[in-house]
Amino acid sequence: MSLQLTGVGYRYAGATAAALLDIDLLLGPGEVVGVAGASESGKTTLCLVAAGLAPRTVGGQIRGTILLDGEDVDAWPMHRLSARIGIGFQNPATQLSQVAGTVFEEVAFGPMNLGVPRNEVVSHTWAALETLRIENLAERDPFRLSGGQQQLVAMAGLLAMRPEHLVLDEPTAQLDPEGTRLVGDAIARLAAEGASILITEQKTDLLAAIAARVIVLDGGRIARAGTADDVLADPGLAELGVAPPAMHRLRRAAADAGVAPGTLGSLDG
Amino acid sequence: MVIRWLAALAAFAVVAFLGIGVFGDFSEAAAGNTWALIAAVGLAVGFITYAVVEYLQTRALRSISQQFDTRTIVLMPLAIAINIILGAAVANALKIPIYLDSIGTILVGALAGPIPGALTGFLANILWQYVVPPPFQGSVAAPFAIVAAVIGLMAGLFSRYGWLRPRPDRRTDQLVGGAVVTVGVIAVVAYLGFLGYQEIIGPAGIGVESDNIAFVILGWLALALVAGTIVGLLVILFVRRDLTAAYVVVGGLLTGIVAALISAPISANLFGGVTGAGTDFLVAAFRQAGADIGAATLGQGLISDPIDKITTFFVVYLILSAMARRTKARFPQGEKLIDGEDAVADDSGEWRGAPA
Amino acid sequence: MAGGAGLTSAPPLDRGIPDFLERPGPSPVHRLNPLTKATLATVTAVAAVALGGLVGPVVLVLVAVILPAAAAGVLGRLIRTSLLLALPIAVSAFLVNLFFFPDGRTVLVEVGPITATAEGFGFALEILARILAISGAVTLFYLTTRPAALVIDLERRGVSPRVGFVANASVQTVPAMVERAAQITAAQRARGLDTEGSVWRRIRGIVPIVGPVILGSIAEVEERTMALEARGFTRPGRRTLLWTPSDTTFERILRWGLVAALVGLIAVRVTGVLR
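What counts and how
Residues numbered from 1 in each chain as written. Chains lettered and ligands numbered in written order. Predicted model: local features only at pLDDT ≥ 70, side-chain atom pairs only at ≥ 80, totals over all residues. pLDDT = per-residue confidence, 0-100. Helix = DSSP H or I, 4+ residues; strand = E, 2+ residues; numbered from the N terminus. Contact = placed C-beta atoms within 7 Å. Domains from an automatic or database assignment. Axes fitted to C-alpha atoms, helices over the stretch in contact; angles between N-to-C directions. Parallel < 35°, antiparallel > 145°, perpendicular 65-115°, else oblique. Nonpolar A, V, L, I, M, F, W, Y, C, P; charged D, E, K, R; others polar. Pairing = 2+ DSSP bridges. Buried ≥ 20, exposed ≤ 12 C-beta atoms within 10 Å, placed from the backbone. Expected span 1.5 Å × (residues − 1).

Student: What exactly am I supposed to notice about the confidence of the model for chain C here?
Tutor: Low-confidence regions, as indicated by low pLDDT, have predicted coordinates that should not be scrutinised in detail. All names here are of chain C. Within chain C, residue pLDDT values average 82, and 83% of them lie at 70 or more. At the low end of the mean pLDDT range in chain C sits helix α8 (residues 199-219), at 71; at the high end sits helix α9 (residues 221-229), at 95. Between residues 1-5, whose pLDDT stays under 50, and residues either more than four places distant or in other chains, the model counts six contacts.

Student: Would you explain the domain arrangement of chain C in this entry?
Tutor: In many reports, interface size means the accessible area that the parts give up when they come together. Here chain C is described as being made up of domain 1 (32-145 + 244-266) and domain 2 (147-219). Contacts between domain 1 of chain C and domain 2 of chain C engage seven residues on the former and five residues on the latter.

Student: Could you clarify how one ought to interpret the interface of chain C and chain A in this entry?
Tutor: Across the boundary between the two partners, chain C contributes 40 residues, which contact 53 residues of chain A. Mapped by element, the contributors of at least two residues to the side of chain C that touches chain A are α7 (161-190) and α9 of chain C.

Student: What is the right way to read the interface of chain C and chain B from this model?
Tutor: The interface of chain C with chain B comprises 54 residues on the first partner and 51 residues on the second. Elements represented by at least two residues in the side of chain C that touches chain B include exactly α4 (75-99), α5 (118-144), α7, α8 and α9 of chain C. Ranked by residues supplied to the side of chain C that touches chain B, first place goes to α7(C) with 14 residues.

Student: Would you mind going over the packing of helix α6 (residues 147-159) of chain A against helix α7 (residues 177-192) of chain A with me for this structure?
Tutor: For any two helices packed against each other, the geometry is given by the interaxial angle and the distance between the axes. All names here are of chain A. Contact geometry of α6 with α7 gives a least axis separation of 8 Å together with a crossing angle of 25°. Relative to α7, the element α6 lies roughly parallel. Along the contact surface, α6 presents Gly147, Gly148, Gln151, Leu152 and Met155, while α7 presents Glu178, Gly179, Leu182, Val183 and Ala186. When the residues that make up the contact of α6 with α7 are grouped by side-chain class, the tally is five nonpolar, four polar and one charged.

Student: Looking at this model, I keep getting lost on the sheet that holds strand β6 (residues 85-88) of chain A. Mind explaining?
Tutor: By definition, the strands of a sheet pair up through backbone hydrogen bonds, in either a parallel or an antiparallel sense. All names here are of chain A. Spatial strand order, β6-β7-β8-β3-β9-β10: six strands in an open sheet with mixed pairing. The sheet is open, and its two edges are formed by β6 and β10 (221-227), each paired on a single side. Taking each pair of neighbouring strands and ignoring which way they run, the sheet shows an average axis angle of 15°. Strands in contact with helix α1 (residues 43-51) are β3 (32-37), β6, β7 (165-169), β8 (197-200) and β9 (213-218); relative to β7, the strand with the most contacts, it is inclined by about 155°.

Student: Would you mind going over the sheet that holds strand β2 (residues 20-27) of chain A with me for this structure?
Tutor: Residue and element names in this part refer to chain A. If you walk across this open sheet you meet the four strands as β2-β1-β4-β5, and the pairing is antiparallel. Since the sheet does not close on itself, it has two edges, and those belong to β2 and β5 (71-72), each with one partner. Across seven bridges, strand β1 (residues 3-11) lies against strand β4 (residues 61-68) in antiparallel orientation. If you follow Arg11 over to β4, its bridge partner there is Gln61. Running over the sheet, α1 touches β1, β2 and β4 and is turned about 120° from β1.

Student: So what exactly am I meant to see when it comes to the environment of C:Ala190 here?
Tutor: All names here are of chain C. Inspection of the secondary structure puts Ala190 in helix α7. Its 8 C-beta neighbours within 10 Å are what place Ala190 among the exposed residues. Taking the C-alpha atoms as reference points, Ala190 and Leu40, separated by 150 residues in sequence, lie 48 Å from one another.

Student: Before we go on, may I ask you to explain α5(C) in this structure?
Tutor: Given 3.6 residues per helical turn, the α-helix brings residues three or four places apart onto the same face. Taking 1.5 Å as the rise per residue, α5(C) with 27 residues should run 39 Å; its terminal C-alpha atoms sit 39 Å apart, in good agreement. Most of α5(C) is tucked away, with 20 of its 27 residues classed as buried.

Student: Honestly, the confidence of the model for chain A in this entry has me stumped. Any pointers?
Tutor: With 96% of its residues at a pLDDT of at least 70, chain A reaches an overall mean of 90. The model gives residues 264-269 of chain A a pLDDT under 50, and that stretch makes five contacts with residues more than four places away or in other chains.

Below, the structure written as structure tokens:
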């Protein structure tokens, strides 16, 4: 149950410059890998490539290899990949199928498309709703939910397809503070329960809380990679357009002011 | 490929001869209507023949199915909604003889191809009548579904042959021909429209009336579009020096004439020529002048439809111009809508595209 | 598919399919198969046209529209909706034919240069009956059927899931788009947009409303495409349906009977036996 990218590059159709180059990345079972970087650094492109949408859906060209459990996925069609890797996007509204009158049908849309037997569609849908603690929304109209709730419904729609890996592209970027808290908590819970997640975020606080390893992209290449603690404490982070998490900023400010690190230990969580 | 086209042509010819043989008498005033109906049925049979031959040859319908990628499927509901909302607003609030209910149809035809265009028009009219909530429901839309389908089909074919590709910065001598065509067609259509206006609407004046605020707003938009089309086309032609203005006008004119020929017999036989929209004023004028129902609806159509379809093609061309090049290129027929060639990315080395 | 437990942590539940998905309709008419109701509406509408005259459509409306509507308990709403629907075209049909009927000989009233004739009045009544029959039949279908139910039923019968998607999504997009336009209108008004005043000022005020609605929706096509393909939309073959509307042999016979009756009626009319 691993997703491995080796020497992966990607360029959009009609573009001469590559949007991604020389990406090496391993996402093991139960692992959470965070991706940071300035806007236009290639975070979204990396998500599309990892989930197989690029080049299958958006066109363009790819190089390098992507292995799923050691198997090369190069010739796989999108619907085969989508059963193994789920991808969620920033905008909750455009992820709704537009054909479901209730949240339950919305979440069931993916497994229905995959042709999963009916009773399994039902049980997978209930399980996904339960995992994200939104069973109480099952009967509601997805159009009439808040942004945060819609984002949870979209994530439940991915979970109901029973993927082995989840790719989340800035899932809280377009949410209000309440929605950000709601979705952030849910992702943290998924991570704690052992889900395998590749997540991009501009807000590094969430990454610091849930990611074991973090990579930082710059101009489509990996600029930093390592454990979350090491990478997020890197003083060069700001130059790459990434704001360090609040606790690292605080600790650095404290160090500058001459306070001993040990006295702030409890902040490390 | 050749065999399919020959089979389609043969089928069309058979239908045409049969039609002429059975309905032999063309001396009546309504003969033009009969011709149009026979031609429409012949076209439909021709297309079905093409599809059947392709299926027999290849056991698949790739020429049709490749026009329906996910992107097209996502665009179609949007196009249908645009058709219904604008169409309902114009029919309800605007007392001028146009429809503006095929912008979405022509947009899909241009981006995705003739078959998705036809299906968009057809479905839009069926849904408009059966399942759209009031106040947008249309009471007379479904019988005209065949007309909407033909409009989408024609838009798809025009686009397939590159008619809607931008042709900016042409030399003056190249523009002269385009200018003659554009100005000539606009002048004739505008003159006909002006006659209609003077005859009937003149005393009452053009206005927008409805209790529904959305309809009032959209009604004014429709007026603005018709008025802006003439100016807009001339700006495109003479300021951007874009020769495509001429193609837009000719495409709209041809589509309008065909739409009028097919819809007139439907409107005349089903509803006595009225549909509850601004077009009824024109029908009334023709009737007063002594024309029978068939001739009156045909006359109304031949005035309304070219104005309507030229406006619509112009709006679609504007929408296409506002879309990002990369976005357009991803649609099945998008390559036909962008000027120049993309820098051909080399397939050599390790770079490779999506799996087939 | 290969793969194991997935990412959901909850234990497998024995919770079944939620009952709100296929809640039965309140009346026997509501509970009819959607295709049966669609067939009834279409056959009624076409038959009204094929019959022509005044008596035929009126009897048809009584039998195929008023009676089932009363049984379904939607008669009041049906009359209101279909009258509202038919009003503009009815007024038009009446005026045009009353005053501009070329073969009119018997003068009823004269208003300036235009003349109302008895022949025109008769023809206008016929058109009116026809229009009311059509709008009544369709409104009955609309009031007793969820569009989604018809789409699911058609998909079960082999219609492509993609056509079903387009139909379903269209029905949901119309109100969503209107709502979006209303939001933008409110926002533009708050910024001092003019939707009143002279013609020119109104026209200028509209462009910033409709432009964003149409172009914004088109800009979302790419995101929606990716989201759909990420959810297995491109998989060929049939998908699993959560529920399907019930159908009975009786209804199947009824549908074919209706279609056969319509074909018979048209044949009789074309050959001129009944006139």
